[in-house]
Amino acid sequence: MKTFVKTMGKTNSARFLHLVGKFPKLSEAKLKEGVFVGPQIRQVFRDPDFEKTLSELEMSAWNSFKWVCENFLGNKKSSNYREGVETLLNAYEKMGCRMSLKLHFLHSHLDFFPENLGAVSDEQGERFHQDIQEMETRYQGFWNEDMMSDYCWRLFRDNPNKIYKRKSYSQHF
C-alpha cells in the first residue's frame, strides 16, 4: 500500500484528496508516505469511490495489489499465487513504483511463505518490520547484495534451538 500511494500521484490529486477525506484523523505526512494499517487498507478495499478516481494503469496495479492481499497474504494461499505476485510486480513496474525491500523479499522468497500466512501472529510480522527497519538504517537506505545476505544470515544465526557440533569450553563463573 505504501509503495502504491507514494507513486500514485501528487498531494493535490483527486486520489490523494479522496484518501484525506476518508481518513481525516490521519496526518497528511502519513498519507503522503502511504502509512496505513490493516483495517484502513481493508476500508479502502471496500470503497468503490476510490477506484473511480484511479487511472487505467493505477487501476491495474490496485487490482493486482488487492488480489495478492486476498489470495496470498490471507489465511489461504491460492494455487496460482506465483502469477498473482508476478502480475503485481509488473503492474507496479509499469506504474513506476520503486521496488522496496519488502517487495523484493516477497518476490525472491515465495517458496518460504506458509500456506496460512494470515494466521501468523502479529508479533512475528512486527519482528520482521523491526528487522527490516534496522537493516535499512544500517545500510542507510542504499540497497545492495550484502544487505540481503546479511539479513538471511542473521535469521539463520538467530535460532535458539539450534544445536551446534562444537562446544564452547569457556568457563562460566
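Rules used in this analysis
- Every chain is numbered independently, its residues counted from 1 as its sequence is written.
- It should be noted that, the model being predicted, local features are given only for residues of pLDDT at least 70 and side-chain atom pairs only at 80 or more, the latter also being counted only at that level, while totals for whole chains, interfaces and linings use all residues.
- Water and hydrogen atoms play no part in the side-chain values, which are based on all heavy atoms of the structure.
- Counting from the N terminus, the helices are DSSP H or I runs at least four residues long and the strands are E runs at least two residues long.
- Only heavy atoms matter for contacts: two residues are in contact if any of them lie within 4.5 Å across the pair.
- The method behind every accessible area is Shrake-Rupley, applied with a 1.4 Å probe, and residues are considered shielded solely by the protein chains displayed.
- Aromatic rings from Phe, Tyr and Trp, with only the six-membered ring used for Trp, were paired whenever their centres fell within 6.5 Å, and each pair was classed as stacked if the ring planes differed by under 30 degrees, edge-to-face if by over 60, and tilted otherwise.
- The term salt bridge refers to a side-chain nitrogen of Lys or Arg lying within 4 Å of a carboxyl oxygen of Asp or Glu.
- Each residue gets one of three labels from its accessible area relative to the maximum for its type: buried under 20%, exposed over 50%, partly exposed in between, using a 1.4 Å probe on protein chains only.
- By this rule the span expected of a helix is its residue count minus one, scaled by 1.5 Å.
- Fitting a line to C-alpha atoms yields each axis, with helices limited to the stretch in contact; the angle taken between N-to-C directions then spans 0 to 180 degrees.
- For classification purposes, angles smaller than 35 degrees are called roughly parallel, those larger than 145 roughly antiparallel, those between 65 and 115 roughly perpendicular, and all remaining angles oblique.
- Here a crossing is taken to be left-handed if its near helix is turned anticlockwise relative to the far helix by less than a right angle, and right-handed if that turn runs clockwise.
- Residues are grouped as follows: nonpolar covers Ala, Val, Leu, Ile, Met, Phe, Trp, Tyr, Cys and Pro; charged covers Asp, Glu, Lys and Arg; every other residue, Gly included, is treated as polar.
- Nine residue types can take part in a nonpolar core, namely buried Ala, Val, Leu, Ile, Met, Phe, Trp, Tyr and Cys, and a core is a set of them joined through side-chain atoms within 4.5 Å.
- Between N or O atoms, a polar contact is any pair within 3.5 Å; within protein, one atom must be a potential hydrogen donor and the other a potential acceptor, and residues adjacent in sequence are included only when both atoms are from side chains.

Asks: Where do I start with the overall build of the chain in this structure?
Replies: Helix and strand counts for the chain come out as ten helices and zero strands. Helices and strands in the chain line up, N terminus first, as α-α-α-α-α-α-α-α-α-α. At a minimum sequence separation of 6, the contacts of the chain that also span at least 24 residues come to 56%. For the chain, the exposed surface amounts to about 12200 Å²; the carbon and sulfur share of it is 52%.

Asks: Please clarify how the packing of aromatic side chains should be interpreted in this entry.
Replies: Enumeration over the complete set of coordinates arrives at five aromatic pairs. Centroid distance Phe45 to Phe65: 5.8 Å. Interplanar angle 65 degrees. Geometry classified as edge-to-face. Note that Phe45 is positioned in helix H4 (residues 38-45) and Phe65 in helix H6 (residues 56-71), a separation of 20 residues in sequence. Pairwise contacts between aromatic rings join Phe45, Phe50, Trp62 and Phe65 into one cluster.

Asks: I keep staring at the pattern of salt bridges and nothing clicks. Help me out?
Replies: Side chains that differ in sign of charge can pair as their charged atoms come close. Overall, the coordinates contain four salt bridges when judged by the stated rule. Among the salt bridges present, the one from Asp49 reaches Lys52, with a minimum N-O distance of 3.7 Å. Taken together, the residues span about one helical turn, with Asp49 and Lys52 both in helix H5 (residues 48-52) at a distance of three residues. A relative accessible area of 66% places Lys52 in the exposed class. The residue Glu51 makes a salt bridge to Lys66 at a minimum N-O spacing of 2.9 Å.

Asks: Teacher, can you tell me more about H6 here?
Replies: One turn of an α-helix holds 3.6 residues; hence residues three or four places apart share an orientation. The first and last C-alpha atoms of H6 sit 22 Å apart over 16 residues, in line with the 22 Å expected at 1.5 Å per residue. Turning to H6, its buried residues number three or more, namely Glu58, Ala61, Trp62, Ser64, Phe65, Lys66, Val68 and Cys69. In this structure, the buried side of H6 is in contact with helix H1 (2-8), helix H2 (14-22), H4, H5 and helix H7 (81-95).

Asks: Please clarify how the packing of H6 against H7 should be interpreted in this entry.
Replies: A pair of packed helices is captured by two measures, namely the crossing angle of their axes and the spacing between those axes. Viewed as axis vectors pointing N to C, H6 and H7 meet at an angle of 150 degrees, and their least axial separation amounts to 9 Å. The orientation of H6 with respect to H7, classified from their angle, is roughly antiparallel. Pair H6 / H7 crosses with left-handed handedness. The segment H6 lies against H7, with Leu57, Glu58, Ser60, Ala61, Ser64, Phe65, Trp67 and Val68 engaging Tyr81, Gly84, Val85, Thr87, Leu88, Ala91, Tyr92, Lys94 and Met95. Of the residues that constitute the contact of H6 with H7, the class distribution is eleven nonpolar, four polar and two charged.

Asks: Can you walk me through the nonpolar core in this structure?
Replies: In globular proteins that are soluble, nonpolar side chains generally tend to be buried together. Among the nonpolar cores identified, the biggest contains 32 residues, and Phe4, Leu19, Phe36, Trp62 and Phe65 are the most heavily contacted of them. Taken together, the elements giving at least two residues each to this core come down to H1, H2, H4, H6, H7 and helix H8 (101-108). Once you skip the residues sitting within four places of it in the chain, Phe36 turns out to touch Met1, Val5, Leu19, Phe23, Leu26, Leu31 and Ile41. Formed by seven residues, the second largest nonpolar core is a distinct cluster that contains Leu101, Ile132, Tyr139 and Tyr151.

Asks: Could you clarify how one ought to interpret the side chain of Ser64 in this entry?
Replies: You can see Ser64 is positioned in helix H6. Engagement of the side chain of Ser64 in a polar contact is seen with the backbone oxygen of Ser60, the distance being 3.0 Å.

Asks: Mind showing me how you'd approach the environment of His107 here?
Replies: Structurally, His107 can be placed in helix H8. Look at His107 and you get partly exposed, because its relative accessible area is 32%. With 25 residues separating them in the primary sequence, His107 and Arg82 have C-alpha atoms 8.7 Å apart. When sequence neighbours within four positions are dropped, the list of residues in contact with His107 reads Glu86 and Leu89.

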